[in-house]
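Structural overview for review
As a plain string of letters, each chain reads:
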Amino acid sequence: MIRASAEVNMGNLCECLGNFFGRQKNTNVRVSLPAVCFIWQIAMIVLFGIFIRYDEESDVKKWLEHKKSANISSNIENDFYFRYPSFQDVHVMIFVGFGFLMTFLKRYSFSGVGFNFLIAAFGLQWALLMQGWFHSLDPVTGTISIGIESLINADFCCAGSLIAMGALLGKVSPVQLMVVTLFGVTLFAVEEYIILDLLHCRDAGGSMVIHAFGGYYGLAISWVLYRPKLHQSKSLNGSVYHSDMFAMIGTLFLWMFWPSFNSAITDHGDGQPRAAINTYLALASSVLTAVAISSMSQKKGKLDMVHIQNATLAGGVAMGTAAEFMITPYGSLIVGFCCGIISTFGYLFVTPFLEKTLKLQDTCGIHNLHAVPGMLGGFVGAIVAAFANEDVYGKEGLKHVFDFEGDFANRTPGTQGGFQAAGTCVAIAFGLVGGGVVGLILRFPIWGDPADDNCFDDDVYWEVPEEEEIIPPVLEYNNHMIHKHQDISESNFSVEQS
Amino acid sequence: MIRASAEVNMGNLCECLGNFFGRQKNTNVRVSLPAVCFIWQIAMIVLFGIFIRYDEESDVKKWLEHKKSANISSNIENDFYFRYPSFQDVHVMIFVGFGFLMTFLKRYSFSGVGFNFLIAAFGLQWALLMQGWFHSLDPVTGTISIGIESLINADFCCAGSLIAMGALLGKVSPVQLMVVTLFGVTLFAVEEYIILDLLHCRDAGGSMVIHAFGGYYGLAISWVLYRPKLHQSKSLNGSVYHSDMFAMIGTLFLWMFWPSFNSAITDHGDGQPRAAINTYLALASSVLTAVAISSMSQKKGKLDMVHIQNATLAGGVAMGTAAEFMITPYGSLIVGFCCGIISTFGYLFVTPFLEKTLKLQDTCGIHNLHAVPGMLGGFVGAIVAAFANEDVYGKEGLKHVFDFEGDFANRTPGTQGGFQAAGTCVAIAFGLVGGGVVGLILRFPIWGDPADDNCFDDDVYWEVPEEEEIIPPVLEYNNHMIHKHQDISESNFSVEQS
Amino acid sequence: MIRASAEVNMGNLCECLGNFFGRQKNTNVRVSLPAVCFIWQIAMIVLFGIFIRYDEESDVKKWLEHKKSANISSNIENDFYFRYPSFQDVHVMIFVGFGFLMTFLKRYSFSGVGFNFLIAAFGLQWALLMQGWFHSLDPVTGTISIGIESLINADFCCAGSLIAMGALLGKVSPVQLMVVTLFGVTLFAVEEYIILDLLHCRDAGGSMVIHAFGGYYGLAISWVLYRPKLHQSKSLNGSVYHSDMFAMIGTLFLWMFWPSFNSAITDHGDGQPRAAINTYLALASSVLTAVAISSMSQKKGKLDMVHIQNATLAGGVAMGTAAEFMITPYGSLIVGFCCGIISTFGYLFVTPFLEKTLKLQDTCGIHNLHAVPGMLGGFVGAIVAAFANEDVYGKEGLKHVFDFEGDFANRTPGTQGGFQAAGTCVAIAFGLVGGGVVGLILRFPIWGDPADDNCFDDDVYWEVPEEEEIIPPVLEYNNHMIHKHQDISESNFSVEQS
């Protein structure tokens, strides 16, 4: 109310001054955003027309043939019934989880949830193509067959770019985010191909391919896009009471459904429940240590919403690789225990340190929630893999879990551990190098990004509803003095309407 | 705060003036609302006692017999395990999706989510009866057997009336909404019987029977209930920042779970994954074109929350019929592409046009989100059906997908296409005629609807928590002058408490 | 804004006065909260290391052996595929449902959702151990095997303590809530062992073991912790518009997923759909009667959000025992009908009465939502069990549903009904006695609970984001007078920044 009218005046003032000194950037995306959306969407349609087909579980002709040839007695054997509930949970994490987690800023909630929506909707289409080309292109027909598992993988692939968005939140335009996603999905498909197919790593929940990659990708972009005068937007770079509540919706849906995330594409049978149980335990453990460190760090032991919203999730990130292994229930608790601590410490000390010394501005602190726990998760996976043995897994089970078949039939758990560690490094390298290049591309002055004093503000890219304003008190007082004969209710009426 | 006290005075003033000029309507529902709830609920209990029984999948005796007679080896073959996850997704769409989508108004969020809750809870009971009578009444025992699929269908049936509520939002009383639901569910069951059973159309996701019917039903009612002086409530017919965020919860849960909506009652096996994939793709495509048109339409390319909240869903509506067909992945993208554009254009141009020329007030713009995309979805389904052939579906598959069995064994895809188109027209006709009649019923002055200057206000039907008020600044100033000896904190205390 | 600055001054004033009169309690939890979190979490890790193992459905070696020995042909027979979707729904109810339901207070939303998060994350670990020791300790290996059903049961077990938290909301410290959970989970495991194992009751949805126990447990604690001067915090013991909306998120996710709650651990096959259908119907019926009574009770028939948020759920609570029985669809409607009325009457008359005469302060009214409907649900279950017969269930079905096997092979339905009633009494007794003892423990002055004038305030335990303040109007006016040369926009700037 009072604030609103003040903002209007402030806004005009800023605009004048900005134009005068020539430092006001052009944030008009009326041409670029529609152009990007239309052209890329049309490209998707054309490419889907050329390449994408239903797989044998979702094509009526192929399914009926497949049922006969594979002697499948019941429709319940369709992969849909194994994976669809997990797919929907992952879908909720991508759109509500990531989306609402980024609504914590006081005047950037529309952008947080809205741009997340936009880039995920684009990214999943591009991911179906990119992942299809790398993983399931039929050499005979030249087509890609998609099913429910493809949709899960496409959602996973988007997650990498959404994580990167967390570092950039409030400082880039939607067009830039589309570019981040285009390259992010492309890089993801390549590193995933190298890590999963060439190095033959296991990474069902994506500690390496999703979180470590996405985290370092976002950090590298943000580092290249460093804004020395970002403090000019300081007043908007914070939360208000209700925006923190909206962010908790994101946190909780991520936290609750993370067991589905890590188990969505693990093996049918024992693999899915094991991954779910391990993730469930690690997450629970993270909550307690995040609360403990948060309370220790503040005067009078007060908790900080930033830690509760983010560090409680670190256990899920760190279990992305090891969840499907026989890490044991108490092993999962230990991983969650450590990552809850590390992540909260990151928010307390590392993010401010990085900003000060490395000139790295990381709005959501993805360094502490994705980059580091993802990297740790990769190494935890490597260690657990290296210590796998037939006593615990059984002879058949060891083959089954690590997929020691075909070219990799002779690989030992020890070797596998080494490759897992190498995979983690590949993911980080792709993130850092790819992010650096994408950051340079984003520095061209054509993308409509906001000026340093205009960041974290929905008003740049959204029609924000006007709050009910009032006449500033002083003016109203004067009015009242002039029209003394007016009755109180009428005076109040002017308060309401002005 | 300031607004609150102003409102109180405003409210008193309005009430006085209203009473004086005799145009204040009686919005007291203290007798009518409890009466409707109690009597109808008791009627439900009696009718359920007479008609409703568990089906053979949920009755312990029948299930054990059925397992033996049908030689079912595993409990997993129970339909529950095929459909329950989709049912729960649909259930979330009905109560959180539709409910929160209607919370966007600044002071009508309680009613949006609360009345949606009330009428859906009544509607689903009445739907179980109505749909049971028309579709599954056992001629021997005179009873209806219900299972999980019945619950899904009951939720679907409610959706028609909830869509209609979107057009009426803010302008009708809860008693009127109950009447809209009573007739809406009844009309739904009849048109569904004609379309699905007599015309033998396929409409698994309800483009025709749910969206086209519900959309035109609501529009017709709203047209009959035209309020020429609705502009008197203009100040409340808009959103504030946080109400738009609540509405995004509704949007996202609708968007994410729409693949479940369109696949919930499709065939076991290939039918469910295909419907989910097609809907997933159409929705993604809608997001990009809705964003593009929204950005193009505004100065500086700013996005409008109304479009993001609504038009992004148009692809799901339009795939309601064709999702289970072999429309191909790129076909789904094209449908979403077009409907995202059409729906956004609708919000920009058609809704204002309808209001001005047709005297049609459509609060949520259901014309653009349900009526038109639903109608288009019906025709898309007709076209896709007409072009179905054995090359794509296989001989067995064609029978399977279109259910060419029994009386309809000789129907060709071309004929089926014609019947699908006819079904769409039936749905629209039922919506328009039924809505017109129900609108006339609702014009009786007994339903407790608000006056034109009292619309869009929760305060009419809800105990709204008082915001912490303050003394209007002027009065406070005067007080301060009088009691100059009081210290600041005490003065502030009066600010707090008054 | 104005309120904020007033609060600051008020806060200072209170603090001074409080310190002066020595009634300000020490709410510093900087040592106790981290200590409890760390020590208990480490204890969990140690105990999990000693006791907890994967069960045969989630251990790769055991599953492969089990498949061979039990001749299981498909991975879909793994219990994961029967129960995981229901588990995730229950998980959402525990964290989002209970969490957001407790966000209705105007300045206690952080604590409502945050403390719920903390204690559920601890409680589920402790529950896995306690329930394991009582129900599934392997006498040979001395270990507990956990699977998906264990996770559901652990979530259920937490629910008891979360219900108790509802009575205490706003009046206790997070450390006290951890203690409530530690004892609550312990008591739960014992009473559950007595009721389900020794008395051989059926209670799949926990009317007795969860709701009656949890409700009376919380009420007894609250009674012991009676605060005679709680009215000093009266101004914060209420909702604002948006906090009521957040609470509706909790209500709806509880309401929608309650069918999953009551069916999550019922028998494979017919048991799960029957429990889901019965719960779905009872909940729908509750909504209508809650609305009816709410409307009848208020001037002009206005609805009260408290009733809509809570009493609509009573039908789900009351079906916790009987949902898996053949209660018939209309029987479910009747249960919901009655409980919606009883619960709403409770909010209107019983809670105020209890506070006045019994000195029982029940913030969320758990007496009306959990204690009484849970108790009624227990007796409804007893009655339905007592009237069970072979005509309805079939001979095999009767054994199947009531598990009349082993030691209990000769039990009759009539006897079973008696034991069900006895079980309800056991649950209530455990709640009352256990709660009394825990209440006494919580009265030690070491737990950091707030003073009577400091309740219902997040600021005690959370870093609450500062709202944008303004200079109180009077001061600003004076400022303006002094600096008359300043232009308006600059004056507004001071409004913005101060």
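Residues numbered from 1 in each chain as written. Chains lettered and ligands numbered in written order. Predicted model: local features only at pLDDT ≥ 70, side-chain atom pairs only at ≥ 80, totals over all residues. Heavy atoms only, no water.

1. Looking at the overall build of chain A
This is how the line gets drawn: We count a stretch as a helix when DSSP gives it H or I for four or more residues in a row; a strand needs E for two or more, and each element gets its number in order from the N terminus. Buried means the residue's accessible area, taken with a 1.4 Å probe over protein chains only, is under 20% of the maximum for its type, while exposed means over 50%, and partly exposed covers the values in between. When checking whether two residues touch, look at their non-hydrogen atoms; a contact exists if any pair is within 4.5 Å. Every accessible area reported is derived by Shrake-Rupley at a probe size of 1.4 Å, with residue values counting cover from the shown protein chains alone.
Helix and strand content of chain A: 19 helices and 2 strands. Each of the 498 residues in chain A was classed as buried or not, and the buried ones make up 67%. Pairs at least 24 residues apart make up 82% of the contacts formed inside chain A by residues separated by at least 6 positions. With an accessible surface of roughly 15900 Å², chain A has 62% of that area assigned to carbon and sulfur atoms.

2. Quick word on the interface of chain B and chain C
Heads up, the rule is: Reported buried area values correspond to the accessible surface (1.4 Å probe) lost by two parts on association, with both partners' losses combined. A pairing counts as a salt bridge when a side-chain nitrogen of Lys or Arg comes within 4 Å of a carboxyl oxygen of Asp or Glu. By the convention adopted, Pro, Cys, Tyr, Trp, Phe, Met, Ile, Leu, Val and Ala count as nonpolar, Lys, Arg, Asp and Glu as charged, and the other residues, Gly among them, as polar.
Each partner contributes residues to the interface: chain B has 88 residues there, and chain C has 89 residues. A buried area of about 7700 Å², summed over both sides, lies between chain B and chain C, and 74% of it is on carbon and sulfur atoms. Together, Tyr-54, Val-60 and Phe-117 of chain B form the three largest contributors to the area buried by chain B at its contact with chain C, with a combined 10%. Run the count over chain B and chain C and you get 2 salt bridges. For Lys-68 of chain B, the salt bridge goes to Glu-396 of chain C, with nearest N and O atoms at 3.4 Å. Considered class by class, the residues forming the side of chain B that touches chain C number 52 nonpolar, 19 polar and 17 charged.

3. Describing the relation of the copies chain B and chain C
Quick note on the threshold: Superposing copies: least-squares fit, C-alpha atoms only, residues required to have pLDDT of at least 70 in both.
When chain B is brought onto chain C, the operation consists of a screw motion whose angular component is 120 degrees and whose axial shift is 0.0 Å, with 0.0 Å RMSD remaining. Read as a symmetry element, the transformation amounts to a three-fold axis. Rotation axis and chain B: the residue whose C-alpha lies nearest the axis is Pro-85 of chain B, separated from it by 3.5 Å. Of all interface residues in chain B, a mere 11% are interface residues in chain C too; the two copies therefore contact each other through different surfaces.

4. Looking at the interface of chain C and chain A
To be explicit about the condition: Whenever a nitrogen or oxygen atom comes within 3.5 Å of another N or O atom, the pair is scored as a polar contact, on the condition that within protein one atom can donate a hydrogen and the other can accept it, and that pairs from neighbouring residues in sequence are kept only if both atoms are in side chains.
Facing the 87 residues of chain C at the interface are 88 residues of chain A. Between chain C and chain A the total buried area reaches about 7600 Å² when both faces are included, carbon and sulfur atoms providing 74% of it. Considering only the surface of chain C that becomes buried against chain A, Tyr-54, Val-60 and Phe-117 of chain C emerge as the three largest contributors, covering 10% of it. Applying the counting rule to chain C against chain A returns 2 salt bridges. On the surface where chain C and chain A come into contact, there are 24 residue pairs in polar contact (both at pLDDT 80 or more).

5. What about helix α14 (residues 366-386) of chain C?
Operational definition: Multiplying one less than the number of residues by 1.5 Å gives the expected span of a helix. Note that the bend at a residue is defined as the angle between axes fitted to the seven residues ending at it and the seven residues starting at it.
Look at α14 of chain C: 28 Å from first C-alpha to last across 21 residues, which is about the 30 Å you get at 1.5 Å a residue. Residue Pro-373 of chain C marks the point of greatest curvature in α14 of chain C, where the axis turns by about 25 degrees.

6. Thoughts on a nonpolar patch on the surface
Formally: Patch rule: a residue counts if its relative accessible area is over 30% and it has no salt bridge; like charges are joined within 9 Å, and nonpolar side chains (Val, Leu, Ile, Met, Phe, Trp, Tyr) within 5 Å.
Among the surface-exposed residues, Ile-42, Val-46 and Ile-50 of chain A lie close enough to one another that they form a single nonpolar patch of about 260 Å² accessible area. Examined against the element boundaries, Ile-42 of chain A turns out to sit in helix α2 (residues 32-51).

7. Some thoughts on the side chain of Thr-424 of chain C
Considering the arrangement of structural elements, one finds Thr-424 of chain C in helix α17 (residues 413-442). On the accessibility criterion, Thr-424 of chain C (0% relative accessible area) is buried.

8. So, the relation of the copies chain C and chain A
Once turned by 120 degrees and shifted 0.0 Å along the axis, chain C lies on chain A with an RMSD of 0.0 Å. A share of only 11% of interface residues in chain C that are also interface residues in chain A marks the association as one of differing surfaces.

9. Regarding the pattern of salt bridges
This structure, assessed with the given rule, holds 33 salt bridges over all chains. Among the salt bridges present, the one from Asp-459 of chain C reaches Lys-302 of chain A, with a minimum N-O distance of 3.8 Å. Of this pair, Asp-459 of chain C sits in the loop between α17 and α18 (473-482) while Lys-302 of chain A sits in the loop between α10 (271-297) and α11 (305-310), placing the two residues on different chains. By relative accessible area, Asp-459 of chain C is classed as partly exposed at 39%. For Lys-302 of chain A, a relative accessible area of 16% puts it in the buried group. For the salt bridge of Asp-270 of chain B with Arg-274 of chain B, the shortest nitrogen-to-oxygen distance reads 2.8 Å. Of the two residues, Asp-270 of chain B and Arg-274 of chain B, neither departs from the other in class, the shared state being buried. Linked by salt bridges that have partners in common, Lys-25, Arg-227, Asp-449 and Asp-452 of chain A make up one network.

10. Some remarks on the UniProt feature "domain: Ammonium transporter AmtB-like" (unreviewed entry) in chain A
To keep it simple, the criterion reads: UniProt positions are given in the numbering used here, feature names are shortened, and annotations may be inferred rather than shown by experiment.
Taking the UniProt record as the reference, the feature "domain: Ammonium transporter AmtB-like" (unreviewed entry) is found at residues 79-443 of chain A. As a span, residues 79-443 of chain A carries 73% helix and 1% strand, and end to end its C-alpha atoms are 44 Å apart.

11. Thoughts on the packing of helix α14 (residues 366-386) of chain A against helix α17 (residues 413-442) of chain A
Residue and element names in this part refer to chain A. Heads up, the rule is: Axis lines are fitted through C-alpha atoms, for helices just across the contact stretch, and the angle between N-to-C directions can take any value from 0 to 180 degrees. An angle counts as roughly parallel when it lies under 35 degrees, as roughly antiparallel when it exceeds 145, as roughly perpendicular when it falls between 65 and 115, and as oblique in every other case.
Taken N-terminus to C-terminus, the directions of α14 and α17 make an angle of 170 degrees; their axes are 7 Å apart at the nearest point. When the axes of α14 and α17 are compared, the pair comes out roughly antiparallel. Only Pro-413, Gly-414, Gln-416, Gly-417, Gln-420, Ala-421, Thr-424, Cys-425 and Ile-428 of α17 make contact with α14, whose side of the interface consists of Met-375, Gly-378, Phe-379, Gly-381, Ala-382, Ala-385 and Ala-386. Within the contact of α14 with α17, the residues separate by chemical class into 9 nonpolar, 7 polar and no charged.

12. Quick word on the side chain of Ser-161 of chain B
Residue and element names in this part refer to chain B. Here Ser-161 lies in helix α6 (residues 148-168). Judged by its relative accessible area of 1%, Ser-161 falls in the buried class. Apart from residues lying up to four places away in sequence, Ser-161 is in contact with Val-180, Thr-181, Gly-184 and Val-185.

13. Some words on the environment of Trp-447 of chain C
All names here are of chain C. You can see Trp-447 is positioned in the loop between α17 and α18. The spatial distance from the C-alpha of Trp-447 to the C-alpha of Phe-213 is 24 Å, given a sequence separation of 234 residues. Dropping the residues within four chain positions of it, Trp-447 is found in contact with Val-29, Ser-173, Val-175, Gln-176, Val-179, Ile-441 and Leu-442.

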